[in-house]
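Chain by chain, the residues:
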Amino acid sequence: MRLINKVALMTGGNSGIGRATALLFAQEGAKVALTGRDEERGKRVAEEIRKASGTAIFIRSDVRIADDCRQAVDKTLRQFGRLDILFNNAGVFYPHTVVDCPEEEWNLTIDVNLKGTYLMSRFALPAMIAQGSGVIINNASGWGIVGGNEAASYCASKGGVVLLTKAMAIDHGRQGIRVNCLCPGDVDTPMLSADAKLRGMEWKDYLAEASNRPLGRIGTPGEIARAALFLASGDSSFMTGAVLVVDGGGTAD
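Residues numbered from 1 in each chain as written. Predicted model: local features only at pLDDT ≥ 70, side-chain atom pairs only at ≥ 80, totals over all residues. Heavy atoms only, no water.

1. Brief notes about the overall build of the protein chain
Along the backbone of the protein chain there are 8 helices and 7 strands. Whereas a compact globule of 253 residues would reach a radius of gyration of roughly 18 Å, the protein chain reaches 17 Å, a difference of no more than 12%. For the protein chain, the spread of C-alpha atoms along the three principal axes comes to 45 × 40 × 35 Å. Residues classed as buried in the protein chain amount to 50% of the 253 residues present. Across the protein chain, contacts joining residues at least 24 apart in sequence account for 72% of those joining residues at least 6 apart. Total accessible area computed for the protein chain in this model is approximately 11,600 Å², and 51% of it derives from carbon and sulfur atoms. Distance from the positive charge centre (28 side chains) to the negative charge centre (28 side chains) of the protein chain: 8 Å. (Helix = DSSP H or I, 4+ residues; strand = E, 2+ residues; numbered from the N terminus. Rg over C-alpha atoms; globule rule 2.2 N^0.38 Å. Buried < 20%, exposed > 50% of the residue type's maximum accessible area, 1.4 Å probe, protein only. Contact = heavy atoms within 4.5 Å. Areas by Shrake-Rupley, 256 points an atom, 1.4 Å probe, with all protein chains shown as cover. Lys, Arg positive; Asp, Glu negative; His and termini not counted. Charge placed at Lys NZ, Arg CZ, Asp CG, Glu CD.)

Pasting the structure below:
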């Protein structure tokens, strides 16, 4: 129960890494508010948590829209009275080079992955500053550190998340707020299978290519959730501005 009496708000909490993290945080004692654009899936995850004797609400929200982000924070505070953990997890991916990336796709990727992190943090930080404590976890990517093929907008957005994390850690550390960054490698999520389809690859061929790393496999959402739990809990109490890579050795190869 490492998060007992804590309140966690997470974006993109209705599938993949977000869902796994919501379930784990609730198991560890947190009251969870999860957001997403798919209301049906989000309500299912919240109900899953409640059936396991946890506490959770779903808030329909689009991280690209400032008013949605403000309302997500406000509803969390009204429901639970405080906000201890923000997990900026919502993200999108499209496989294109700069040459063939449509401007609309570039804007969408930057808005969801980078601007969404900024907006949610902007509205969550005042509550954390007022209570003198808080943890923000930004979900970036190994490709925000080393880059990747046919992923120009994604790499740009996630590289921005990495350095935004460091800037926020510097600005808010003395206010009792820790800000760290997760950088997963390939993880078995709907985003990964969608990438395979967009690249015109069979799933088995995609997996074979994605597994070409020291540990010889892709990761699971639960493995990333446990890394997020470490950053959310007191186990990482002397960490801020850090980039925690969880990628099976992909960036080391």
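2. A word on the packing of aromatic side chains
Per the stated rule, a full pass over the model turns up 2 aromatic pairs. Each ring, one from Phe93 and one from Trp143, has its centre 6.3 Å from the other, and the planes form 50 degrees; the classification is tilted. Here Phe93, found in the loop between strand S4 (85-88) and helix H4 (103-131), pairs with Trp143, found in the loop between strand S5 (134-139) and helix H5 (152-172); they are 50 residues apart in sequence, far enough to count as distant. A relative accessible area of 28% places Trp143 in the partly exposed class. Each ring, one from Phe93 and one from Tyr154, has its centre 4.8 Å from the other, and the planes form 80 degrees; the classification is edge-to-face. A residue pair is termed long-range when its members are at least 10 positions apart, and Phe93 in the loop between S4 and H4 and Tyr154 in helix H5 qualify at 61 residues. Judged by relative accessible area, which is 10%, Phe93 ranks as buried. Through pairs of rings, three or more aromatic residues link up here, namely Phe93, Trp143 and Tyr154. (Phe/Tyr/Trp six-rings, centres within 6.5 Å; stacked < 30°, edge-to-face > 60°.)

3. Digging into the pattern of salt bridges
Using the criterion set out here, one finds 13 salt bridges in the structure. Measuring nitrogen to oxygen at the nearest pair gives 3.0 Å for the salt bridge that ties Asp235 to Arg2. In this pair, Asp235 sits in the loop between helix H8 (221-232) and strand S7 (243-246) while Arg2 sits in the segment before strand S1 (7-10), placing the two residues 233 residues apart along the sequence. Relative accessible area serves as the criterion here: at 45%, Asp235 is assigned to the partly exposed category. A relative accessible area of 43% places Arg2 in the partly exposed class. Asp62 is the partner of Arg64 in a salt bridge, and the nearest nitrogen-oxygen pair spans 2.7 Å. (Salt bridge = Lys/Arg side-chain N within 4 Å of Asp/Glu carboxyl O.)

4. A few points about the layout of surface pockets
What the second largest pocket holds in volume is close to 190 Å³. The wall of the second largest pocket is formed by 13 residues, among which Lys6, Gly134, Val135, Arg178 and Ala232 lie closest to the centre. Grouping the amino acids of the lining of the second largest pocket by side-chain chemistry returns 4 nonpolar, 5 polar and 4 charged. (1 Å grid on protein atoms, 1.4 Å probe; cavity = no way out; pocket = protein on both sides within 12 Å on 5 of 7 lines; lining within 4 Å. Points joined across faces, edges and corners; volume = space filled by probe spheres on them. Nonpolar A, V, L, I, M, F, W, Y, C, P; charged D, E, K, R; others polar.)

5. Remarks on the side chain of Thr109
Relative to the elements of secondary structure, Thr109 occurs in helix H4. Those residues in contact with Thr109 that lie beyond four places of it in its chain are Val92, Tyr94, Leu114, Ser153, Tyr154 and Ser157.

6. Structural notes on helix H1 (residues 16-27)
Two residues of an α-helix separated by three or four positions point the same way, owing to the 3.6 residues in each turn. Compared with the 16 Å implied by 1.5 Å per residue over 12 residues, the 17 Å span of H1 between its first and last C-alpha is a close match. Burial of H1 is extensive: 10 of the 12 residues sit out of reach of the surface. Positive backbone phi, at 105 degrees, marks Gly29, one or two positions downstream of H1. (Expected span 1.5 Å × (residues − 1).)

7. Things to note about unusual backbone geometry
A positive phi angle, near 65 degrees, is found at Asn5, a position not held by glycine. Counting through the fold element by element, Asn5 comes out in the segment before S1. At Ser53, a position not held by glycine, the phi torsion is positive, near 70 degrees. Residue placement: Ser53 occurs in the loop between helix H2 (39-51) and strand S3 (55-60). Here Ser53 falls in the exposed class, since its relative accessible area comes to 71%.

8. Side note on the nonpolar core
Formed by 31 residues in total, the largest nonpolar core has its most connected members in Phe25, Val32, Leu34, Ile49, Ile85, Ile137 and Leu182. Broken down by secondary-structure element, the contributors of at least two residues to this core are S1, H1, strand S2 (31-36), H2, S3, S4, S5 and H8. Not counting residues up to four positions away in its chain, the partners in contact with Ile85 are Leu3, Lys6, Val7, Ala8, Leu9, Phe25, Met128, Val135, Ile137 and Ala232. Val7, Met128, Ile136 and Ala169 belong to the second-largest nonpolar core, a separate cluster that totals 27 residues. (Core = buried A, V, L, I, M, F, W, Y, C linked by side-chain atoms within 4.5 Å.)

All quantities given are derived from atomic positions and should not be read as evidence of function.
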